[in-house]
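Secondary and tertiary structure notes
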Amino acid sequence: PMSEGACHQLFLTSLREAQARHPDLAELLLFYEELFLTQEAFMAGLAMHPDRTGRELDSLRLSEGMPQFTFEELLIDGEDFMRLSRLMAALIIKHMAHAADREDLPADEALLQTAQAIFESRNPLVSADTPKDLAALVAGFSLAPYLQRARNAVIARISRDVWQRPYCPVCGGKPSFAALEQESGTRILLCSRCSAEWAYARFGCAFCEISDEQVYYPGVDGLYRLYTCDVCKRYLKTVDC
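Everything numeric in this text was worked out from a predicted model, so none of it was measured.

1. Comments concerning the environment of G222
- Looking at the element boundaries, G222 is found in the loop between strand 4 (214-218) and strand 5 (224-229).
- Assessed through its relative accessible area of 45%, G222 is described here as partly exposed.

Structure (structure tokens):
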């Protein structure tokens, strides 16, 4: 498997190549590049505090279908969180002109409460309507490094045969994407919140777990599929490897 450093470099290379191929999206892609670099630098600072690196795998939670981390167990330091939040706000205002006139960020406690609400919703850290709310956008982006740290602490010890549930074993997030493996055809779900990956049944809705009503639509190139569910009205984008 590719090392974390190699993955990060591949991600940055892909972003820069995309900027060259899609000049109309250059500003947005530059924002994500700067966002990634800022979050990565912040994560490196978190690693300097061994008392806040997370904890060992909780086997009981794993067997009972409970995610490994609660919000409190992310061990978020308020001062560190606000420092990152100010950096996130500056990036957003720099690249999104419509955000420049927003009100100042709320106080530390209120912003942490927003982050907790986002975490406990199990939804992506940033949703389609989040840009209407600067505080929610900042809180979501600022929460990402803590979830990445939580993932890094336990994911290597979570084997495929002990977790096949429709939500992330690390943070409880709903899947945001899926991939069908090249050799086995196993469906792998991806959490966009903490970047955890885990195996799940090939057939059945990855949200409500109903299998009878699920259908998929192949893309014209055969690479992508769109799985839909008529029961819960959700869909999951999938890449066929």
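2. Looking at the packing of aromatic side chains
- As enumerated under the stated definition, the model contains eight aromatic pairs in all.
- Arranged with centres 5.9 Å apart and planes meeting at 65 degrees, the rings of F31 and F141 form a pair that is edge-to-face. In this pair, F31 is assigned in helix 2 (residues 26-46) and F141 in helix 6 (residues 134-154), connecting sequence segments 110 residues apart. Across the pair, exposure class does not vary: F31 and F141 are buried alike.
- Each ring, one from W163 and one from Y167, has its centre 5.4 Å from the other, and the planes form 85 degrees; the classification is edge-to-face. Taken individually, W163 and Y167 each receive the classification buried, so the pair is uniform in this respect.
- Within the aromatic cluster, the residues linked to one another by ring pairs are F31, Y32 and F141.
- A cation over an aromatic ring shows up here: R187 above the ring of Y227, its NZ or CZ 5.6 Å from the ring centre.
- Directly above the ring of Y216 sits R225, whose terminal nitrogen or CZ lies 4.4 Å from the centroid.

3. Digging into the side chain of R61
- Position of R61 among the secondary structure elements: in helix 3 (residues 59-63).
- Within polar-contact distance, the side chain of R61 engages the backbone oxygen of Q68 at 2.6 Å.
- Only 2.7 Å separates the side chain of R61 from the side chain of E73, close enough to count as a polar contact.
- Excluding its chain neighbours within four sequence positions, the residues that come into contact with R61 are R55, M66, P67, Q68, F69, T70, E73 and W163.

4. Concerning the pattern of salt bridges
- Within the structure shown, the criterion is met by eight salt bridges.
- Between K94 and E34 there is a salt bridge, with its nearest N and O atoms 3.2 Å apart. On the criterion of sequence distance, the pair formed by K94 in helix 4 (residues 78-95) and E34 in helix 2 is long-range, its members being 60 residues apart.
- Classification of E34 as buried rests on a relative accessible area of 18%.
- Note that R61 is salt-bridged to E73, the shortest N-O span being 2.7 Å. Of the two residues, R61 sits in helix 3 while E73 sits in the loop between helix 3 and helix 4, which places them twelve residues apart along the sequence.
- Overall, the relative accessible area of 15% leaves R61 in the buried class.
- Note on E73: relative accessible area 23%, which makes it partly exposed.
- Three or more residues joined by partner-sharing salt bridges are found here, namely D58, R61 and E73.

5. Some details on the layout of surface pockets
- In this model, the second largest pocket occupies a volume close to 160 Å³.
- Every residue along the wall of the second largest pocket is listed here: P124, K174, P175, S176, F207, R234, Y235, L236 and K237.
- Here the lining of the second largest pocket is composed, by residue class, of five nonpolar, one polar and three charged.

6. What about the pairing of strand 5?
- Of the pairings in the sheet, the one linking strand 4 to strand 5 comprises five bridges and is antiparallel in character. Along strand 5, the bridge assignment pairs Y217 with L226.
- Between strand 4 and strand 5, which pair antiparallel one after the other, the connecting turn spans five residues, and G222 there sits at a positive phi close to 80 degrees.
- Pairing of strand 5 with strand 6 (residues 235-240), which is carried by five bridges, proceeds in the antiparallel orientation.

7. Comments concerning the confidence of the model for the protein
- With 89% of its residues at a pLDDT of at least 70, the protein reaches an overall mean of 87.
- Across the protein, strand 2 (residues 187-190) holds the top mean pLDDT of 95, while strand 4 sits lowest at 84.

About the criteria used
- Residues numbered from 1 in each chain as written.
- Predicted model: local features only at pLDDT ≥ 70, side-chain atom pairs only at ≥ 80, totals over all residues.
- Heavy atoms only, no water.
- Helix = DSSP H or I, 4+ residues; strand = E, 2+ residues; numbered from the N terminus.
- Buried < 20%, exposed > 50% of the residue type's maximum accessible area, 1.4 Å probe, protein only.
- Phe/Tyr/Trp six-rings, centres within 6.5 Å; stacked < 30°, edge-to-face > 60°.
- Lys NZ or Arg CZ within 6 Å of the ring centre and 35° of its normal.
- Polar contact = N/O pair within 3.5 Å; in protein donor to acceptor, adjacent residues only side chain to side chain.
- Contact = heavy atoms within 4.5 Å.
- Salt bridge = Lys/Arg side-chain N within 4 Å of Asp/Glu carboxyl O.
- 1 Å grid on protein atoms, 1.4 Å probe; cavity = no way out; pocket = protein on both sides within 12 Å on 5 of 7 lines; lining within 4 Å.
- Points joined across faces, edges and corners; volume = space filled by probe spheres on them.
- Nonpolar A, V, L, I, M, F, W, Y, C, P; charged D, E, K, R; others polar.
- Pairing = 2+ DSSP bridges.
- pLDDT = per-residue confidence, 0-100.

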